[in-house]
Amino acid sequence: MDQAAQQDIRGALPEGLGRAIRQSAADIATVLSFARDPQVAVPGSTWTLGEAAAHLAMANELMADLAEGRDRPYGDGTPQSLAAANAESLAGFAERRTEPLAAMISEQAGRCADALAAAPDGPAPATPLGPMDRSVLGSYLLTHMLGHGYDLARALGFPHMLDAERVAWCVPFLLSVMPAVADGTAGAGLTAGYTVRLRGGGGAFGVTVADGAVRVTAEPLDRPDCTIVIDPVAFLLIALGRRNPWAAMARGQVLAFGRRPWLGPRFPSLFVAP
């Protein structure tokens, strides 16, 4: 993230993040407006298009409730509990028509943005991925929408709505949850320091791994073992489990160098996609 964006994120809802949330919701609604069959399969998922849209609509409502200060328990942060909570919520919500779901996605995204803009930054009610500040909750909302918006666009053969500017607003959320989604088994026995740089002036951050435990800094490390330079959109898609890291490397979207460059391909395996 560039310096201006880093300074802007201190508020509960920076202006740039608010624009990204509203535009992404509008883009998703546009994609859904072309859907004729909610039973279309979503690539790489067990959900249909209607189910994915329903999940996104309900998730936006949950985020809006959290932004307004309401407690909304939703799993315990583990992938298994979140999958169970998703299944339970879908079972209790029958709407699968894309038009009303698109309206709900936009409405609830706007409600969340309004609530975050109306209050100062500070701790939000417990989120599905643990405690976070309200500014990070806005970043969480955008990240979640972009992940599922990407899925919906692929299901219908449309271009996705991810770009470097929107990815920059996702970074605060991703950095906040990296320690929680670290795979202790994959990182067992590894001691390493990484600097990750997003191409195109997207900023950089540091990740230190010590026998499965992960510590993240908002600034690059002074002496990393491995520096990873990556295309911003590829970074987000890999982080969300939507793109194979090896495929991204084959396309030249990822470059690793430094004292231990062979650690680069191992980096994505150290985390479980949230």
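Just so you know, these numbers come straight off a predicted model, no measurement behind them.

Assigned secondary structure in the protein chain consists of 9 helices and 5 strands. Its helices and strands in sequence order give the protein chain the pattern α-α-α-α-α-α-α-β-β-β-β-α-α-β, from N to C terminus. Here the protein chain has a C-alpha radius of gyration of 18 Å; the compact-globule value for 274 residues is 19 Å, and the two agree. On the principal axes, the C-alpha backbone points of the protein chain span a range of 55 × 40 × 35 Å. With 274 residues in all, the protein chain has 52% of them scored as buried. By sequence separation, contacts in the protein chain at least 24 residues apart represent 72% of the contacts at least 6 residues apart.

Given a rise of 1.5 Å per residue, 14 residues ought to cover 20 Å, and the 20 Å separating the end C-alpha atoms of helix α7 (residues 164-177) matches this to within 8%. The axis of α7 is deflected most strongly, by about 35°, at C170, and proline P172 appears within four residues downstream. Most of α7 is tucked away: 11 of the 14 residues are buried. Taken as a whole, α7 has its buried residues at R166, V167, A168, W169, C170, V171, P172, F173, L174, L175 and V177. Where α7 starts, the residue carrying a side-chain oxygen 3.3 Å from the main-chain nitrogen of E165 turns out to be D163.

What follows deals with the packing of aromatic side chains. Under the definition given, this model contains 5 aromatic pairs. The rings of Y194, F267 and F271 are connected pair by pair, giving a single aromatic cluster.

Turning our eyes to something else, we now look at the sheet that holds strand β3 (residues 213-217). In space, the 5 strands of this open sheet follow the order β3-β2-β1-β4-β5, with mixed pairing throughout. The open sheet has two edge strands, β3 and β5 (254-257), and neither has a second partner. Sheet twist, expressed as the average angle between the axes of neighbouring strands with direction ignored, equals 20°. As defined by bridge partners, strand β1 (residues 191-198) adjoins strand β4 (residues 226-230) across 5 bridges and the pair is classed as parallel. Bridged to T195 within β4 is T227. Running over the sheet, helix α8 (residues 232-239) touches β1, β2 (204-210) and β4 and is turned about 110° from β4.

Another point: the pattern of salt bridges. Pairs may arise between side chains of opposite charge once their charged atoms sit close together. Inspection of the entire model under this criterion finds 13 salt bridges. In this structure, the salt-bridge partner of R166 is D163, at a minimum N-O distance of 3.4 Å. Of the residues examined, R166 reaches a relative accessible area of 11% and is grouped as buried. Exposure remark for D163: the relative accessible area of 28% places this residue in the partly exposed category.

Attention now goes to helix α4 (residues 79-91). For α4, spanning 13 residues, the distance from its first C-alpha to its last is 18 Å, which sits close to the expected 18 Å at 1.5 Å a residue. Buried within α4 are the following residues: S81, L82, A85, N86, S89 and L90. Projected down its long axis, α4 shows its buried positions confined to an angular sector of 165°, all on one face. For α4, exposure combined with an orientation more than 90 degrees from the buried face picks out Q80, E88 and A91. Contacts made by the buried residues of α4 are with α3 (49-67).

Note that T195 resides in strand β1. Given a relative accessible area of 1%, T195 falls into the buried group. Apart from residues lying up to four places away in sequence, T195 is in contact with F205, P220, L221, P224, C226, T227 and I228.

Turning next to the layout of surface pockets. Roughly 1100 Å³ of internal volume is contained in the largest pocket. As for the largest pocket, its lining consists of 41 residues, and the residues nearest its centre are L82, N86, H148, A273 and P274. Contributing elements (two or more residues each) for the lining of the largest pocket: α3, α4, α6 (134-156) and α7. Split into classes, the residues belonging to the lining of the largest pocket amount to 23 nonpolar, 13 polar and 5 charged. When its volume is computed, the second largest pocket comes out at roughly 380 Å³. Lining the second largest pocket are 24 residues; nearest its centre among them are I238, A239, F267, P268 and F271. Contributing elements (two or more residues each) for the lining of the second largest pocket: α7, β4, α8, α9 (245-250) and β5. With 3 residues, the single largest contributor to the lining of the second largest pocket is α8. Tallied by class, residues from the lining of the second largest pocket come to 21 nonpolar, 2 polar and 1 charged.

Parameters at a glance
Residues numbered from 1 in each chain as written. Predicted model: local features only at pLDDT ≥ 70, side-chain atom pairs only at ≥ 80, totals over all residues. Heavy atoms only, no water. Helix = DSSP H or I, 4+ residues; strand = E, 2+ residues; numbered from the N terminus. Rg over C-alpha atoms; globule rule 2.2 N^0.38 Å. Buried < 20%, exposed > 50% of the residue type's maximum accessible area, 1.4 Å probe, protein only. Contact = heavy atoms within 4.5 Å. Expected span 1.5 Å × (residues − 1). Bend = angle between axes of the 7 residues up to and from the residue. Polar contact = N/O pair within 3.5 Å; in protein donor to acceptor, adjacent residues only side chain to side chain. Phe/Tyr/Trp six-rings, centres within 6.5 Å; stacked < 30°, edge-to-face > 60°. Pairing = 2+ DSSP bridges. Axes fitted to C-alpha atoms, helices over the stretch in contact; angles between N-to-C directions. Salt bridge = Lys/Arg side-chain N within 4 Å of Asp/Glu carboxyl O. Arc of directions from axis to C-beta. 1 Å grid on protein atoms, 1.4 Å probe; cavity = no way out; pocket = protein on both sides within 12 Å on 5 of 7 lines; lining within 4 Å. Points joined across faces, edges and corners; volume = space filled by probe spheres on them. Nonpolar A, V, L, I, M, F, W, Y, C, P; charged D, E, K, R; others polar.

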